[in-house]
Amino acid sequence: MSTITSSSRSEMAKMSERKMVTMDVKLENRLNIKDLEALQEAFMAEGDGYDNKLTLTKDQFCVALSKILTKGSHEEFAELFDKIDVTKEGYVDWDKFASHMLLEFYEKDDRVKSTQVPQWKDLRTLPSPHKEIIQSVSYLKNTSRYIAISKEGCVSMWGNNMRIQRVLKTGTDSCKARDLWVTHFVPLQNINKIALSFTSKEIAFYDLSTKLEFNCQYKVQGLEYTPLCLDYWSNPNNVNEAIIVWGDTGGYVNALHFTSVNIALFERPPAPAGEKQEPCLNVQLHDIIKGVYKNAMFNRYQGHTEWVRRVKYSQHLECFVSCATTWDNSVVIGWMEKHTSVNQSNRMTTFQISQGVNDFDYHDSLNLIATAGVNHHVCLWNPYVVSKPNGVLRGHMASVVQVQFNPSRGQLISFSKDKVLRIWDVQLQVCIQRLAGMFPKGPEVYSTLYFDEGRNRLFITFNYQLTVLEMKAEIKDRTLSHEKPVIGAIYNSVYNQVVSVCQTGTLVMWMVDTGQKVKQFHKIHGNNEVTSLTQDPSQTRLFTGSTDGTVKMWDFNGHCYHTLECAGGQPADVGQVVVLKRCVLAIGWTKSICIFRNNNFKDYHVQPADWKGGQEHAEDILSASFQGPNLIATGSYDGEIVVWNMNSEQASRHMAHRSRRGQKIRGRTFLTAKETSGTSDGGYDSHAHPPQSQGNTRPRSRALSRVSEGSSDEQNEFGWAVAKLVFLESRKGNSASGGANLVSCGGNGWVRFWNTSHSTLLAEFVAHTHAGSIIMATDKNNHYLVTGDVDGNIKVWDITEYCLHYNEDLVTTLPPLKSQFQPHIDMINTLEICERNERLVILSASSDCSVALWDVYGNQIGVFGQEEHWKIEPYIPPSEDEVDVVEEEKEEEPEAVLEPVIDSGWEPDERAINDPDNYRVNTWESTLLGKDYQELRVKKRVRRQPNTIPNLPYLHGERTGQPPAGPYSALDTAELAQVQSLVKPDAEKYFLDRPISSEEVVQKLPALAESLKSAFDEKSLFPRYLLEFETKMKSYHEATLNADTNTQKTLKARGSFQNIGLQLGGSQKNTPSPLRKHNRSVKLKPIPMGSRRSSIIGD
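Position labels on residues start from 1 in each chain and follow its written sequence. Where local features are concerned, this predicted model is filtered to residues with pLDDT of at least 70; where side-chain atom pairs are given and counted, the filter is 80 or more; whole-chain, interface and lining totals use all residues. The basis for the side-chain values is all heavy atoms of the structure; hydrogens and waters are excluded.

1. Topic: the overall build of the chain
Item 1. Each helix and strand counted, the chain has 20 helices and 60 strands in total.
Item 2. Exposure categories follow from relative accessible area, calculated using a 1.4 Å probe and restricted to protein chains: below 20% of the type maximum is buried, above 50% is exposed, and the middle band is partly exposed. Residues classed as buried in the chain amount to 44% of the 1099 residues present.
Item 3. Within the chain, residue pairs in contact and separated by at least 24 positions form 50% of the contacts whose partners lie at least 6 positions apart.
Item 4. Here the accessible surface of atoms and residues is derived via Shrake-Rupley with a 1.4 Å probe, and residues count as covered only by protein chains that are part of the display. In the form shown here, the chain has an accessible surface area of approximately 62500 Å², with 50% of it arising from carbon and sulfur atoms. Secondary structure elements follow DSSP: runs of H or I of four or more residues count as helices, runs of E of two or more count as strands, with numbering from the N terminus. Throughout, a residue-residue contact means that at least one pair of heavy atoms, one from each residue, lies within 4.5 Å.

Dropping the structure here:
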């Protein structure tokens, strides 16, 4: 038996890794401009194709591409040739190749456009501590928190997990709390402060650096008008420079320019001797104007005659932008210098918009101002063009209250007064998404909009309510197996297929070895949602459960044999179906087991039988697992596990995990894991009463059980549930000796190992922290345990030596982690391990509408539904020794220590002494390091550096005015060669008669009359009277020709000719003739001599 060396093993691993990498991306998509130019140059060589250019066959094409390109394999080149040569001509030239690439790029652009529409999760309404209208929402970068402030001064802070963390109350001493409103706020991100504006004509600055207190450090008082909106800007090039700008009720735009914000916003005067300095400094505005505070300057100008609704400072334009609900000065751009005096006039640019503007936003890259018009329109303006907007976005049926750009996606978000959210494509100026009907109902409300681009969260406030829309994670060119979330996928070894089903009832069968779709059936349960999928032990029948309380039995041709009525015609969520040899079990919606015995499978509709064991669970049963010959375990929502004997259908053992042992048997609430004792016995007597539950309210699915960071087990009500049970078939003999033979998983990411013979909990560990509920699966040899969570992550654990024997102490150590990866971006619903071609693969189905296939080492094989088919080949992972060698090679070499040069004899350059202003040091020529580096560069071979991106027409179509033509137009195409003078052919050479040789004598063809023969017998074809008439006519012609040629005789002969014809006609009266019926008046025309036919002309 041959052994595999480490080098061959590493080569096989690299080959499989290369196949894995190139599987998801097609070869056409991996080619860049340089690759296309190299291919074009190769095809332009002289050949025998069109225009004397090169044409290649399939083998030649594969060989040429393997030499020209540094990417791709021979199989990919052959597949590309087949795609290009769709007409099966057997050759490919440059025109065919370029046309195929152009179509491929067009399709890719269409796919990219189709993925630009954002997909949102369900709207979440956060528990709000506010009692009045929320004025604004923002994000604090330093503390990674969201902050919302309402009109009564309530400040709420939320973590990234959208759980409230702090609730504070703020105000001022200048007036009573009932007369005070907070109008707006803005965070000062660079100095970790926040500025609030009050109706008491004050602006207060609070410090956020302390976690416990919310201290007010400065108050700017003495404002002429009430501030309504705030904005803050800090100079990224100068950390001490910042500007805070506000708009007020008088139509003024006010700005404070700070020059030392990192030190202090305002200089504090020294405290009197013996007195403590006040924590809050009250700053009067007239003192700032007089110059009392050296590090702050004040400017303002009046841009509007009404209240200023929004104000913003633009660093790109170096101006202030403000808006109001007036027609004449709807939007005003104030080109104000930072160091001008208060009374100095400023240059302003005004935009006139009908009925005014509620809000605006500015996009630096596109240099566009988007306005939310009272006239239901969203306008896009160039700041330097006031005559007309660049675009008008129409579609809202009510006044637009807020707009905000999404720069990363090139989109604009707008929200109107009638609670309609629209998302616009700024370049195309079209609405790509409309969201309505999902927001809170009720009368007219005040709403604000805030989009967090970094975390793709959209906050919308409705008076005191705070709602959030979270964008789903998006992967470009993501492959979908189904159109809706996939709830189940199983592997069938008989047909070598994978069967998957989605929520809407679309059942698809795939080939596991290639990923090719075989069959597809739609709406297998009508309009009801499908909840479960399984197959019988013979793997010839499929069972699907639905929310209508039915289970249907199918064959692989789509024929339904039976419908099992689980809930008596009432709706019920069938969570799992267990198919045994003599019966079928259904669970998931009740506290007892629903059983269908085989002797009842006579009619199409099958009714359930009575379960002899009755009800043993206090909560709904969620999972079950069978172990032959007669053992079945069920797990419920409250964490209890019951082991049943299928022969008697009676419960034999009850088990519960550690946190349940501290609970009293009679109705009490559950104790936390911290209050439990350290014993390891998790079971109790089967005759004892089952524990009571907390209540019946709970999440419907594992997706609602997500645990936030920092929360404990008891905070999540789904943390008790047993989501999956698996018997370890290979460890049947270990149960009697105390080893683990049952594994359970579920709430809060816990995995537990049990011994059913002794009702003992042997081990438990957290497989996925802060991931809510998990599911799992094992291989047939029980060497690997695979777990998946609600975020799409999968972990593979090696349990070969885990809990094989009984331990007195509870094992809490984790088994060895083999690999971990994330094949999905949403909740994993089913997991299964199967073996194909000596390779263990993991089949997973997720709510992200995909069914994926990976191996246990974390290598992706493919996603069912992708264009490229795969091939499952044996994979040998690299050994631990090879991994250690690679890690050692990656270690950096120790840096060489440079010793100082003694007596180097260095002297300063004379030019630096004589002319220091104009002297410049050339590092490459004047330093030892520069000279050594230059010598090394000269010795090295010349490398070809990548060129800059050319001025491609499809990239600069708007500037050049040329239509977008794709990357193919950017390739260098040479002009057609000039047509040379044509040489006329030699006429004597090509057009003379060729001499006939003696050997090539053309035989003379026989005459036509000699070769023709009569094909029929006239006597049998024509009637007898016609043949007699023809004979008389011939004799008459002969007599006429022999007669005298006198004219009179000729005339007499014509008259006699007609008489003869009449006589002949009269002689045939007694003879029945069919011609007389149709041709009653017939004229006979004389026929010239030499003709054998007679002409008959009807009147």
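2. A short note on the environment of Arg 124
Item 1. Locating Arg 124 in the fold gives a position in strand S1 (residues 124–126).
Item 2. As a C-alpha pair, Arg 124 and Leu 466 span 342 residues in sequence and 8.6 Å in three-dimensional space.

3. Quick notes on the packing of aromatic side chains
Item 1. Any two rings among Phe, Tyr and Trp, with Trp reduced to its six-membered ring, count as a pair given centres within 6.5 Å; such a pair is stacked if its planes are under 30 degrees apart, edge-to-face if over 60, and tilted if neither. Evaluation of the coordinates by the stated rule reveals 30 aromatic pairs.
Item 2. Centroid distance Tyr 313 to Phe 320: 5.0 Å. Interplanar angle 55°. Geometry classified as tilted.
Item 3. Residue classification places Tyr 313 among the buried positions, given a relative accessible area of 8%.
Item 4. With a relative accessible area of 4%, Phe 320 lands in the buried category.
Item 5. Here Tyr 857 and Tyr 875 contribute two aromatic rings whose centre-to-centre distance is 5.5 Å and whose plane-to-plane angle is 55°, an arrangement assigned as tilted. On the criterion of sequence distance, the pair formed by Tyr 857 in the loop between strand S57 (851–855) and strand S58 (860–863) and Tyr 875 in the loop between S58 and helix H10 (880–890) is long-range, its members being 18 residues apart.
Item 6. Three or more aromatic residues link up through ring pairs in this structure, and these residues are Phe 205, Tyr 218, Phe 258, Phe 266 and Tyr 293.

4. Here's the deal with the pattern of salt bridges
Item 1. Throughout this description, the term salt bridge denotes a Lys or Arg side-chain nitrogen within 4 Å of a carboxyl oxygen of Asp or Glu. Evaluated as defined, the whole model comprises 15 salt bridges.
Item 2. Between Arg 597 and Glu 649 there is a salt bridge whose closest N-O contact spans 2.7 Å. Of this pair, Arg 597 sits in strand S40 (residues 594–597) while Glu 649 sits in the loop between strand S44 (641–645) and strand S45 (650–655), and the two are 52 residues apart along the sequence.
Item 3. Since its relative accessible area comes to 21%, Arg 597 is described here as partly exposed.
Item 4. What makes Glu 649 buried here is its relative accessible area of 3%.
Item 5. For the salt bridge of Lys 732 with Glu 729, the shortest nitrogen-to-oxygen distance reads 3.7 Å.
Item 6. Residue class for Lys 732 comes out partly exposed when judged on its relative accessible area of 40%.

5. Re the nonpolar core
Item 1. Phe 205, Leu 256, Phe 266 and Ile 288 are the most contacted members of the largest nonpolar core, which totals 27 residues.
Item 2. Among the elements that take part in this core, strand S11 (residues 242–248) stands out by supplying 3 residues, more than any other.
Item 3. The residues contacting Leu 256, other than those within four sequence positions of it, are Val 220, Ala 242, Ile 243, Ile 244, Trp 246, Phe 266, Ile 288, Met 297 and Phe 298. We define the nonpolar core as a collection of buried residues of types Ala, Val, Leu, Ile, Met, Phe, Trp, Tyr and Cys that are connected through side-chain atoms lying within 4.5 Å of one another.

6. Observations concerning the confidence of the model for the chain
Item 1. One confidence number per residue, pLDDT, is output by the predictor and ranges from 0 to 100. Considering every residue of the chain, the mean pLDDT works out to 79; 73% of them sit at 70 or more.
Item 2. Low pLDDT, under 50, characterises residues 893–904; the stretch is placed with 0 contacts to residues that sit more than four places away or in other chains.
Item 3. Counting contacts from residues 1064–1099, a segment whose pLDDT is below 50, to residues more than four positions away or on other chains yields 29 contacts.

7. Points about the pairing of strand S26 (residues 430–436)
Item 1. Strand pairing is assigned whenever DSSP detects at least two bridges linking the two strands. Alignment of strand S25 (residues 420–425) against S26, held across 6 bridges, turns out to be antiparallel. Looking at the pairing, Val 420 lines up with Ala 436 of S26.
Item 2. The turn joining S25 and S26, which pair antiparallel and follow one another in sequence, is formed by 4 residues; a positive phi near 60° is taken by Gln 429.

8. Considering helix H3 (residues 33–43)
Item 1. Within the sequence span of H3, burial applies to Asp 35, Leu 36, Leu 39, Gln 40 and Phe 43. Buried residues of H3, viewed axially, fall in a sector of 135°; they line one side.
Item 2. The distance from a side-chain oxygen at the start of H3 to the backbone nitrogen of Lys 34 is 3.3 Å, and the residue carrying that oxygen is Asn 32. The directions considered for the arc run from the helix axis to the C-beta atoms. Between N or O atoms, a polar contact is any pair within 3.5 Å; within protein, one atom must be a potential hydrogen donor and the other a potential acceptor, and residues adjacent in sequence are included only when both atoms are from side chains.

9. Let's talk about the state of the cysteines
Among covalent bonds in proteins, the disulfide is the one between the sulfur atoms of two cysteines.
Item 1. For the purposes of this analysis, a disulfide is any pair of cysteine sulfur atoms at a distance within 2.5 Å. Applying the stated criterion to the full structure yields 0 disulfides.
Item 2. Here Cys 216 is not disulfide-linked; the sulfur of Cys 280 is the nearest cysteine sulfur, at 3.7 Å.

10. A short note on the sheet that holds S57
Item 1. Here we have 4 strands laid out as an open sheet, ordered S55-S56-S57-S58, and antiparallel in their pairing. Strand pairing shows two members of the sheet lacking a second neighbour, strand S55 (828–836) and S58, which therefore form its edges. Across the sheet, the mean angle from the axis of one strand to that of its neighbour is 20°, orientation sign disregarded.
Item 2. Of the strand pairs in this sheet, strand S56 (residues 839–846) and S57 are connected by 5 bridges, and their pairing is antiparallel. Directly across from Ile 842, in S57, lies its bridge partner Trp 854. To obtain each axis, a line is fitted to C-alpha atoms, and for helices this fit is confined to the stretch in contact; angles are then taken between N-to-C directions over 0 to 180 degrees.

11. Quick notes on the sheet that holds S1
The strands that make up a sheet pair up through hydrogen bonds in the backbone, lying either parallel or antiparallel.
Item 1. Ordered by their spatial adjacency, 4 strands build an open sheet running S1-S29-S28-S27, and the pairing between neighbours is antiparallel. Edge strands, defined here as strands with exactly one partner in the open sheet, are S1 and strand S27 (447–452). Taken pair by pair, the neighbouring strands of this sheet meet at an average axis angle of 25°, ignoring direction.

12. Some thoughts on unusual backbone geometry
Item 1. In this chain, Gly 628 is followed by Pro 629 through a cis amide linkage whose omega measures 5°.
Item 2. Structurally, Pro 629 can be placed in the loop between strand S42 (621–627) and strand S43 (631–636).
Item 3. Notably, Asn 367 is not glycine yet its phi reads approximately 55°, a positive angle.
Item 4. By relative accessible area, which is 17% here, Asn 367 ends up buried.

13. Brief notes about the packing of H3 against helix H4 (residues 58–68)
Item 1. Relative orientation of the contacting elements H3 and H4 amounts to 130°, with a least axis distance of 11 Å. With respect to each other, H3 and H4 are oriented oblique. Every pair of crossing elements has a handedness; the one defined by H3 and H4 is right-handed. Contact residues: H3 offers Ala 38, Leu 39, Ala 42 and Phe 43, while H4 offers Phe 61, Leu 65 and Ile 68.
Item 2. Residue composition of the contact of H3 with H4, grouped by class: 7 nonpolar, no polar and no charged. An angle below 35 degrees is read as roughly parallel, one above 145 as roughly antiparallel, one from 65 to 115 as roughly perpendicular, and any other as oblique. For a crossing to be left-handed, the near helix must be turned anticlockwise from the far one by less than a right angle; the clockwise case is right-handed. Three residue categories are used. Nonpolar comprises Ala, Val, Leu, Ile, Met, Phe, Trp, Tyr, Cys and Pro, charged comprises Asp, Glu, Lys and Arg, and polar comprises the others, including Gly.

14. Regarding the side chain of Asp 555
Item 1. Relative to the helices and strands, Asp 555 resides in the loop between strand S36 (550–554) and strand S37 (560–565).
Item 2. An unpaired buried charge is present at Asp 555: no salt bridge exists, and Arg 541, the closest side chain of opposite charge, is 5.3 Å distant.
Item 3. At 3.1 Å, the side chain of Asp 555 and the backbone nitrogen of Gly 558 are in polar contact.
Item 4. In this structure the side chain of Asp 555 is engaged in a polar contact, spanning 3.1 Å, whose partner is the side chain of Tyr 561.
Item 5. Apart from residues lying up to four places away in sequence, Asp 555 is in contact with Thr 540, Arg 541 and Tyr 561. As used throughout, the charge tally considers Lys and Arg to be positive and Asp and Glu to be negative, leaving His and the chain termini uncounted.

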